[in-house]
Amino acid sequence: MTDKKTGMRKGLTRYGDEGFSLYLRKAFIKGMGYTDDALDRPIVGITNTYSAYNACHGTVPQLIEAIKRGVMLAGGLPVEFPTITIHESFAFPTSMYMRNLMAIDTEEMVRAQPMDSVVLIGGCDKTVPALLMGAASAGIPAILEVTGPMLPGSHKGERLGACTDCRRFWGKYRAGEIDEEEIAQITDQLVPSAGTCGVMGTASTMAILGEALGMMLPGGACIPAVLADRFRHAEQTGAQAVQMAKDGSPTPDQIMTADSFRNALTVLQAIGGSTNAIVHLAAMAGRLGLDIDLDEFDQIGRQTQVLVDLKPSGENYMDDMHKAGGTGPLLRELGDSLIRSAMTVNGKTLGENIDALPAAFDQSIIRTRNNPIAKSGGMAVLKGNLAPDRCVIKHVAASPELLNHTGRAVVFKNMEDLVNRIDDPDLDVDKDCVLVMQNAGPKGAPGMPESGYLPIPKKLAAAGVKDMVRISDARMSGTAFGTIILHVAPESAIGGPLALVEDGDLIKLDVENRRLDLLVSDEELAARRARWTPPPPHPGSERGYSKLYQDTVTQAPLGCDFDFLRARK
Ligand code: FES
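Residues numbered from 1 in each chain as written. Predicted model: local features only at pLDDT ≥ 70, side-chain atom pairs only at ≥ 80, totals over all residues. Heavy atoms only, no water.

Trainee: Looking at this structure, how should I read the overall build of the protein chain?
Mentor: Helix and strand counts for the protein chain stand at 20 helices and 14 strands. Seen through its C-alpha atoms, the protein chain measures out along the principal axes to roughly 75 × 55 × 50 Å. Counting the 569 residues in the protein chain, one finds 60% classified as buried. Long-range contacts, defined as pairs at least 24 residues apart, comprise 74% of the intrachain contacts of the protein chain with a sequence gap of at least 6. For the protein chain, the accessible surface area stands at approximately 22,100 Å², while carbon and sulfur atoms represent 52% of it. Of the charged side chains in the protein chain, 58 are positive and 70 negative, and the gap between their average positions amounts to 3 Å. (Helix = DSSP H or I, 4+ residues; strand = E, 2+ residues; numbered from the N terminus. Buried < 20%, exposed > 50% of the residue type's maximum accessible area, 1.4 Å probe, protein only. Contact = heavy atoms within 4.5 Å. Areas by Shrake-Rupley, 256 points an atom, 1.4 Å probe, with all protein chains shown as cover. Lys, Arg positive; Asp, Glu negative; His and termini not counted. Charge placed at Lys NZ, Arg CZ, Asp CG, Glu CD.)

Below, the structure is given as structure tokens:
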């Protein structure tokens, strides 16, 4: 028995005798009925990210069946294995807190078990970045398949879907415009099928970026979860994984290069995508020894128009984008803004894949550059004395009249303080104030929750106020909207300037000039810093994953990955 270091011979368990290790491995797997012929084939691992907690991954069993079909038709042996899965609404304290654990799980299971390539089944927000982070570190050929978006629902003749409409209707409920009975009816319609959120939230954004990066076969990002097209794409993905297993390439580092990350940043601006994506791209790039330059991202945004008419920047749903042709027509429209030579999983360059697209047809979802949704990209990166290491705003989903605004700070010390006081009728707040929340960053919350979408105080909402300037070191759901400044770095829990803001301070937001400043003298800020003390440790953070997280999580510009997981340069 020779160890060819492929298939079943790969990564033999150490018993001190490789022949014995292979003999024992084969004996055990034969217990599931495999023949020697099957066990001699190239092995394609398939991450099973199904969980009964995760409706966004409700179709994973059928996807695995389709992927296996593709693998076997192409002469490979498919072997599924479980990894952690994460749903946004079922992860405490946050899904972001769990993302790195899923990335570690993926990396180590891919490395520990014999497989020549791996199909990564992602979907719900943090799963795609976690899988790609893990695969980037594991280093074997990997290909992404996503579960795909849910279909839109319907309420009183109006289309709706998670989760831009979740927030819109919740805002109406808080303002007293709809009652208990109606909000309950709406919960039946917001998630009308399995699949990921149907707007340009984080899941849709990461799926499209996965395709733009070259990690997914063309056309896969936007197909709804329940359509036959989705399972055909999965079958093709399985077949491609066999080719990658035989070739031993391309590996993630050959696909996710500086060029392809630049393409992803361009696409992120052009789709008006989720602010979360910039954190995830930074984490993924860090696994490969690359950095995401936030100033370059901002510059790309000034040169890139928003071309996709999907909520929350526009009006439509992922189902519409699929019918309009998916990611391909967008890539074609971006033309020379993209680096065409970037490699993709099918062994062709991005440019070659664009050239192979079907002919364009009339549609209104993916606009031309002559008729954009917005004249500049979806996101801007700000800096100033309140955010020396930057912060972001999704200005395409903000109120234009608030993009240059100076207001009085109303400060909440943490999320609990916010919950306790935001609806207090005696809260000293008006529509021109700037709502500030501290201690909601990667370490402070912990887990950098999507709580940056601070609610409008009830008394102002009831008076018709729809938007205010809001600032925090937290994140925001990609499905949310408003004049909301996020990812302030360094975060307040480690003594960033956000920690020094007090009620009544003036804060100046100037998006055109990319500034966010606290209008307080340096002397006063120095005096406040001298008095500042860090928040107490979180309960339980003295042990386990919580300790690992608290000790090693990085700030938003480095993707909130653990410092020891970034590639050494
Ligand atoms: Fe899973 Fe939105 S909750 S994609």
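Trainee: Help me understand the sheet that holds strand 1 (residues 43-48) in this model?
Mentor: Remark on secondary structure: sheet strands pair via backbone hydrogen bonds, oriented parallel or antiparallel. Read across the open sheet, the four strands follow the order 2-1-3-4; overall the sheet is parallel. This sheet does not close on itself; its edge strands, each paired only once, are strand 2 (77-82) and strand 4 (142-146). Neighbour-to-neighbour, the strand axes of the sheet open up by a mean angle of 25°, direction not taken into account. Alignment of strand 3 (residues 117-122) against strand 4, held across five bridges, turns out to be parallel. (Pairing = 2+ DSSP bridges. Axes fitted to C-alpha atoms, helices over the stretch in contact; angles between N-to-C directions.)

Trainee: What should I look at first to understand the pattern of salt bridges in this one?
Mentor: Any two side chains of opposite charge can pair, on the condition that their charged atoms come close. Under the definition given, this model contains 45 salt bridges. The shortest N-O distance in the salt bridge between K26 and D40 comes to 3.8 Å. With K26 in helix 1 (residues 18-30) and D40 in the loop between helix 2 (36-39) and strand 1, the pair connects residues that are 14 residues apart, well separated along the chain. Taking the shortest distance from any N to any O, the salt bridge between E158 and R168 comes out at 2.8 Å. A residue pair is termed long-range when its members are at least 10 positions apart, and E158 in strand 6 (residues 158-160) and R168 in helix 6 (residues 164-174) qualify at ten residues. In this structure, a network of salt bridges that share partners links the residues E88, D125, K126, E450 and R475. (Salt bridge = Lys/Arg side-chain N within 4 Å of Asp/Glu carboxyl O.)

Trainee: What is the right way to look at the state of the cysteines in this model?
Mentor: Cysteine pairs can be linked by a disulfide, which is a covalent bond between their two sulfur atoms. For the coordinates displayed, the defined rule picks out one disulfide. Linked covalently through their sulfurs, C163 and C166 form a disulfide whose S-S length is 2.2 Å. Since a negative S-S torsion denotes a left-handed disulfide, the C163-C166 link at about -100° is left-handed. Relative accessible area serves as the criterion here: at 17%, C166 is assigned to the buried category. C222 takes part in no disulfide bond, and the closest cysteine sulfur to it belongs to C197, at a distance of 14 Å. (Disulfide = S-S within 2.5 Å.)

Trainee: I would appreciate a short explanation of the packing of aromatic side chains in the present structure.
Mentor: How two aromatic rings sit relative to each other is set out by the distance from centre to centre and by the angle between their planes. For the coordinates displayed, the defined rule picks out eleven aromatic pairs. With 5.9 Å between their ring centres and 45° between their planes, F20 and Y23 make a pair best called tilted. Placement of both F20 and Y23 in helix 1 is noted, with a separation of three residues, approximately one turn of the helix. Judged by centre distance (4.7 Å) and plane angle (45°), the ring pair of Y97 and Y549 falls under tilted. Here Y97, found in helix 4 (residues 95-112), pairs with Y549, found in helix 20 (residues 544-552); they are 452 residues apart in sequence, far enough to count as distant. On the basis of relative accessibility, which here comes to 1%, the residue Y549 falls in the buried class. Taken together, Y97, Y545, Y549, F562 and F564 form an aromatic cluster joined through their ring pairs. In this structure, R167 is placed above the aromatic ring of Y453, and the distance from its NZ or CZ to the ring centre is 5.6 Å. In this arrangement the basic side chain of R470 is found over the ring face of Y453, its NZ or CZ atom lying 5.5 Å from the centre. (Phe/Tyr/Trp six-rings, centres within 6.5 Å; stacked < 30°, edge-to-face > 60°. Lys NZ or Arg CZ within 6 Å of the ring centre and 35° of its normal.)

Trainee: Help me understand the packing of helix 3 (residues 60-73) against helix 9 (residues 228-247), please; the structure alone is not making it clear to me.
Mentor: Any two packed helices are characterised by the angle at which their axes cross and by the distance between the axes. Running from N to C, helix 3 and helix 9 point in directions that differ by 40°, and their axes come no closer than 7 Å. In this view, helix 3 runs oblique relative to helix 9, as classed from their interaxial angle. In terms of crossing hand, the pair formed by helix 3 and helix 9 is right-handed. Contacts from Q62, L63, A66, I67, R69, G70, V71 and L73 of helix 3 reach helix 9 at R230, F231, A234, E235, G238, A239 and V242. The residue inventory of the contact of helix 3 with helix 9, partitioned by class, reads nine nonpolar, three polar and three charged. (Parallel < 35°, antiparallel > 145°, perpendicular 65-115°, else oblique. Left-handed = near helix turned anticlockwise from the far one by under 90°. Nonpolar A, V, L, I, M, F, W, Y, C, P; charged D, E, K, R; others polar.)

Trainee: Help me understand the environment of A270, please; the structure alone is not making it clear to me.
Mentor: Its location among the elements puts A270 in helix 11 (residues 258-270). For A270, a relative accessible area of 0% corresponds to the buried category.

Trainee: Honestly, unusual backbone geometry in this entry has me stumped. Any pointers?
Mentor: A cis amide bond, omega 5°, links K311 with the succeeding residue P312. The peptide bond linking A445 to P446 adopts the cis configuration, its omega dihedral lying at -10°. Inspection of the secondary structure assignment puts P446 in the loop between strand 10 (434-437) and helix 18 (458-462). Of note, the phi angle at N439 is positive, near 60°, even though the residue is not glycine. The phi dihedral of R514 is positive, around 60°, even though this residue is not glycine. Structurally, R514 is set in the loop between strand 13 (506-510) and strand 14 (515-518). Among the residues examined, R514 registers a relative accessible area of 11% and is labelled buried.

Trainee: Sorry, what's going on with a nonpolar patch on the surface here?
Mentor: Where nonpolar side chains cluster on the molecular surface, the patch consists of Y15, F20 and Y23 and spans about 340 Å² of accessible area. Structurally, Y15 is set in the segment before helix 1. Given a relative accessible area of 48%, Y15 falls into the partly exposed group. (Patch = residues over 30% accessible without salt bridge, like charges linked within 9 Å, V, L, I, M, F, W, Y side chains within 5 Å.)

Trainee: Would you explain helix 7 (residues 180-187) in this entry?
Mentor: Residue pairs spaced three or four apart in an α-helix point in one direction, given the helix's 3.6 residues per turn. Residues of helix 7 that are buried: E182, I183 and I186. Summarising the axial view, the buried residues of helix 7 lie within an arc of 100°, below the 170-degree limit, and thus occupy one face. In helix 7, the exposed positions angled more than 90 degrees off the buried face are occupied by E180, E181 and T187. In this structure, the buried side of helix 7 is in contact with strand 5 (153-155), strand 6 and helix 6. (Arc of directions from axis to C-beta.)

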